[in-house]
Amino acid sequence: MPKIRFDHIHLRSPNPEATAAWFADTLGAEILRSAPGGKPRIDLKLGGQDIFIAEADAAVAAAPSSPYQGLDHIGLFVEGLDEAAAELKAKGVTFTMEPKQARPGVRICFIRGPENISIELLERTPA
């Protein structure tokens, strides 16, 4: 089997600029703009991960309501979960699960991103 590594996450949005701004303003993502082949493109760099944002046209179905089958959420590591949660609440971010102890050494919470994206924030500490 060839070596496999994670490359990117690809999002579709009716408003890529607003989606990119949310990730930058809320989670500190870096917005990257390019125009390969002359076509404008907006990408993000978040926690070392590439996130591509494509414009969703009328032919693209709306985001489903959670829970649903398939990709459930993206998980992001954070140091100082409670401080991060307080900052996000001050920004008006919607929490779908308040910070809690998931198991020894792991605290988690969930927030709702653009287009109903479920985002888990987690902090790992020695159990």
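Cut-offs applied
Residues numbered from 1 in each chain as written. Predicted model: local features only at pLDDT ≥ 70, side-chain atom pairs only at ≥ 80, totals over all residues. Heavy atoms only, no water. 1 Å grid on protein atoms, 1.4 Å probe; cavity = no way out; pocket = protein on both sides within 12 Å on 5 of 7 lines; lining within 4 Å. Points joined across faces, edges and corners; volume = space filled by probe spheres on them. Helix = DSSP H or I, 4+ residues; strand = E, 2+ residues; numbered from the N terminus. Nonpolar A, V, L, I, M, F, W, Y, C, P; charged D, E, K, R; others polar. Core = buried A, V, L, I, M, F, W, Y, C linked by side-chain atoms within 4.5 Å. Buried < 20%, exposed > 50% of the residue type's maximum accessible area, 1.4 Å probe, protein only. Contact = heavy atoms within 4.5 Å.

Asks: Please give an account of the layout of surface pockets that cites residues and values.
Replies: The calculated volume of the largest pocket comes to roughly 510 Å³. Taken together, 22 residues form the lining of the largest pocket, with Leu11, Arg12, Ala63, Glu115 and Ile117 sitting closest to its centre. In terms of residue count, the dominant contributor to the lining of the largest pocket is strand β1 (residues 8–13) (five residues). Looking at the lining of the largest pocket, its residues break down into 13 nonpolar, six polar and three charged.

Asks: Before we move on, can you summarise the nonpolar core with the specific residues and values?
Replies: Among the nonpolar cores identified, the biggest contains 25 residues, and Phe23, Leu44, Ile111, Ile119 and Leu121 are the most heavily contacted of them. Ranked by the residues each element gives to this core, the list is headed by helix α2 (residues 81–90), at four residues. Excluding residues that lie within four positions of it along the chain, Leu121 makes contacts with Leu76, Val78, Leu81, Leu88, Arg107, Ile108 and Cys109.

Asks: Explain unusual backbone geometry to me, using residue names and the numbers behind them.
Replies: Located in the positive-phi region is Glu115, a residue other than glycine, with phi close to 55 degrees. Its place among the elements puts Glu115 in the loop between β7 (106–112) and β8 (118–124). Note on Glu115: relative accessible area 33%, which makes it partly exposed. Positive phi outside glycine occurs at Asn116, with the angle close to 65 degrees. Inspection of the secondary structure puts Asn116 in the loop between β7 and β8. Under the relative-accessibility criterion, Asn116 is labelled partly exposed at 25%.

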